[in-house]
Amino acid sequence: MKLLTLVWQLFAVSSLVSAVPAGPGQDPELEAAKQLKSFQKEYIKNVEKIVKKRKTGCTSKNILRRKEWGSLKKPERLAYINAIKCINKLTPALTPPSLIPGVRTRLDDFIGSHQLRTPFVHSNGVFLSYHRHLVHLFEKALRTECGYTGAQPYWDWTLSWQDLEASPVFDGSATSLSGDGVFIPNRTDTVIPLPDGNILILTPGTGGGCVNTGPFQYNNGAGYVLNLGPQGGLDYNPRCLERDLHTVEQGPNTKPSKVAVLYTCGGDMACFYKNLDNPIWGIHSVGHYQLGGTAGDVFVSPGDPAFWLHHANLDRVWAVWQYLGQGEERVKKLYGTVTNFNDPPSQNATLDFSLDFGGVIAPARTLDEIISPIDGEHCYIYE
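Calculation criteria
Residues numbered from 1 in each chain as written. Predicted model: local features only at pLDDT ≥ 70, side-chain atom pairs only at ≥ 80, totals over all residues. Heavy atoms only, no water. pLDDT = per-residue confidence, 0-100. Contact = heavy atoms within 4.5 Å. 1 Å grid on protein atoms, 1.4 Å probe; cavity = no way out; pocket = protein on both sides within 12 Å on 5 of 7 lines; lining within 4 Å. Points joined across faces, edges and corners; volume = space filled by probe spheres on them. Helix = DSSP H or I, 4+ residues; strand = E, 2+ residues; numbered from the N terminus. Nonpolar A, V, L, I, M, F, W, Y, C, P; charged D, E, K, R; others polar. Disulfide = S-S within 2.5 Å. Buried < 20%, exposed > 50% of the residue type's maximum accessible area, 1.4 Å probe, protein only. Polar contact = N/O pair within 3.5 Å; in protein donor to acceptor, adjacent residues only side chain to side chain. Expected span 1.5 Å × (residues − 1). Salt bridge = Lys/Arg side-chain N within 4 Å of Asp/Glu carboxyl O. Core = buried A, V, L, I, M, F, W, Y, C linked by side-chain atoms within 4.5 Å.

When the pLDDT values of the protein chain are averaged, the result is 91; 92% of them are 70 or greater. Within the model, pLDDT remains below 50 along residues 1-19, and this stretch shows 50 contacts once partners closer than five positions in the same chain are excluded.

What follows is the structure, encoded as structure tokens:
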């Protein structure tokens, strides 16, 4: 295995593209946050203009409105939390044990499918489309199988980069997604395998053990239980949700200026994607590293409820970029091949490429069928 030893303080101030500059005496993060709000407004205006004209398919009457966790009212947060608890206990799983022996619940179907597809859907040209559809399928399951009537919320990292535990997502309250894990002292560095055979070394955060606050505690198996993993382990292995928050080392890589950088790429999909999904300091990877524990395990990361909010926010950042252009010329742009890190070398991702979702959570779809947030099976907007 190749080894990538990370010096996190250096990565926290590095970037492939220079951050959006602020004027003299201006706070660069406040200015970047204003720019992001402006981009969001333009995206909403453009999408609403498109769906308003439609009579069928995704229209202004049936579009789901995904919101940031902190903007949800208490009953809305509790409804989502209860839906996650539901799918965590909902049986039977649809995946046959011959394929994944450890499956017990509907949540296991999603975690197991992600385990099977992990070697094929990261750091490549299908990554964004795959996870867009995966989040949609999870949202659909919550709504059709667990009585959830809301839309999938998202976690805007730029609001919590300075203090994760102060965020309503991770403050450990009854309306959070639980807080940090129990602090485990005297730990060695965490080794995180990457799909291409590399490993990352992450220094210990402020937790490391099972979460012991909020709604997703293990409670000796009576609470929130993960049955698969770690990593690619497909056998039955009931265990707790673990977290190891990394505000100091990882937070600066999700501050507003780091996200605003993505929109300096204009319509260049290669530039946009390389900044978003760099495996060391890109906002996709860093979102996982900030959480550590279960979310830091690339295979079983969907076991952390925050995974779905993190990937919804990645999807939001992509959707905003897609609809910032004149018309819809960015929507179907792709970049990258169809193998992780292009290893082994493979064809470029194309719209007619068929993407398998593993297990039984969904039939195969072409990228063309799932690349848009407002076409085909998808019909949602981020507010």
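The next thing to look at is the layout of surface pockets. The volume enclosed by the largest pocket comes to roughly 430 Å³. In terms of lining, the largest pocket is formed by 24 residues, of which the most central are Ala33, Lys37, Asp156, Thr158 and Leu159. Contributions of two or more residues to the lining of the largest pocket are made by helix 2 (28-52), helix 7 (256-260) and helix 10 (305-322). Looking at which element gives the most residues to the lining of the largest pocket, the answer is helix 2, with six residues. Here the residues of the lining of the largest pocket are counted per class, giving twelve nonpolar, four polar and eight charged. There is about 340 Å³ of room inside the second largest pocket. Together, 19 residues line the second largest pocket, and Thr190, Glu242, Gly293, Thr294 and Asp297 are the ones closest to its centre. In terms of residue count, strand 4 (residues 190-193) provides more of the lining of the second largest pocket than any other element does, four residues in total. Broken down by class, the residue content of the lining of the second largest pocket amounts to six nonpolar, eight polar and five charged.

Evaluated as defined, the whole model comprises four disulfides. Across the disulfide, Cys86 is cross-linked to Cys146 (sulfur-sulfur distance 2.1 Å). Note on the Cys86 and Cys146 pair: the S-S dihedral is about -80°, so by sign convention the disulfide is left-handed. Remark: Cys146 occurs in the loop between helix 5 (127-145) and strand 3 (181-183) and Cys86 occurs in helix 3 (residues 74-89); sequence separation between them is 60 residues. The class of Cys146 is buried, set by a relative accessible area of 17%. Each sulfur of the disulfide joining Cys265 and Cys271 lies 2.0 Å from the other. Sign of the S-S torsion, about -60° for the bond between Cys265 and Cys271, identifies this disulfide as left-handed. Cys271 sits in the buried class, given a relative accessible area of 17%.

Here we take up the environment of Glu328. Structurally, Glu328 is set in the loop between helix 10 and strand 7 (354-355). Overall, the relative accessible area of 38% leaves Glu328 in the partly exposed class. Residues Glu328 and Lys89, spaced 239 residues apart in sequence, show a C-alpha to C-alpha distance of 41 Å. Leave out the neighbours within four places in its chain, and Glu328 touches Ile50 and Tyr323.

Looking at where Asp163 falls in the secondary structure, it is placed in the loop between helix 5 and strand 3. Looking at Asp163, the relative accessible area reads 42%, which means it is partly exposed. Along the backbone, Asp163 and Thr247 are 84 residues apart, and their C-alpha atoms lie at a distance of 5.9 Å. Within polar-contact distance, the side chain of Asp163 engages the backbone nitrogen of Glu165 at 3.3 Å.

Relative to the 26 Å expected for 18 residues at 1.5 Å per residue, helix 10 spans 26 Å between its end C-alpha atoms, a close match to the ideal helical length. Burial runs high along helix 10: 18 of the 18 residues are buried. A side-chain oxygen of the first residue of helix 10 lies 2.9 Å from the backbone nitrogen of Ala306; this N-cap is Asp304.

Excluding glycine, most residues fall at negative phi; most peptide bonds, likewise, are trans. Residue Gly229 is joined to Pro230 through a cis peptide bond whose omega torsion reads 0°. On the secondary structure map, Pro230 appears in the loop between strand 6 (208-211) and helix 6 (247-250). For the bond from Asp343 to Pro344, the omega torsion is 0°, close enough to zero to count as cis. When you line up the elements, Pro344 lands in the loop between helix 10 and strand 7.

The next point concerns the pattern of salt bridges. Under the counting rule described, the total for this entry stands at 16 salt bridges. In this structure, the salt-bridge partner of Asp156 is Arg316, at a minimum N-O distance of 3.6 Å. Taken as a pair, Asp156 in the loop between helix 5 and strand 3 and Arg316 in helix 10 lie far apart in primary sequence, 160 residues in all. Each member of the pair, Asp156 as well as Arg316, is classed as buried. When the shortest N-O distance is used, the salt bridge between Asp304 and Arg243 registers 2.8 Å. Highlighted residues: Asp304 in the loop between helix 9 (283-291) and helix 10 and Arg243 in the loop between strand 6 and helix 6, separated in sequence by 61 residues. A relative accessible area of 0% places Asp304 in the buried class. Several salt bridges share partner residues, and in doing so they unite Arg66, Arg132, Glu139 and Asp315 into one network.

Right, let's get into the nonpolar core. Among the nonpolar cores identified, the biggest contains 95 residues, and Tyr43, Tyr80, Phe110, Phe138, Phe272 and Leu276 are the most heavily contacted of them. Here this core takes eleven residues from helix 10, the largest share from any one element. Aside from chain neighbours lying at most four places away, what touches Tyr80 is Trp69, Phe138, Leu142, Tyr148, Gln152, Pro153, Trp308 and Leu309. With six residues, the next largest nonpolar core counts Leu200, Leu202, Ile280 and Tyr289 among its residues.

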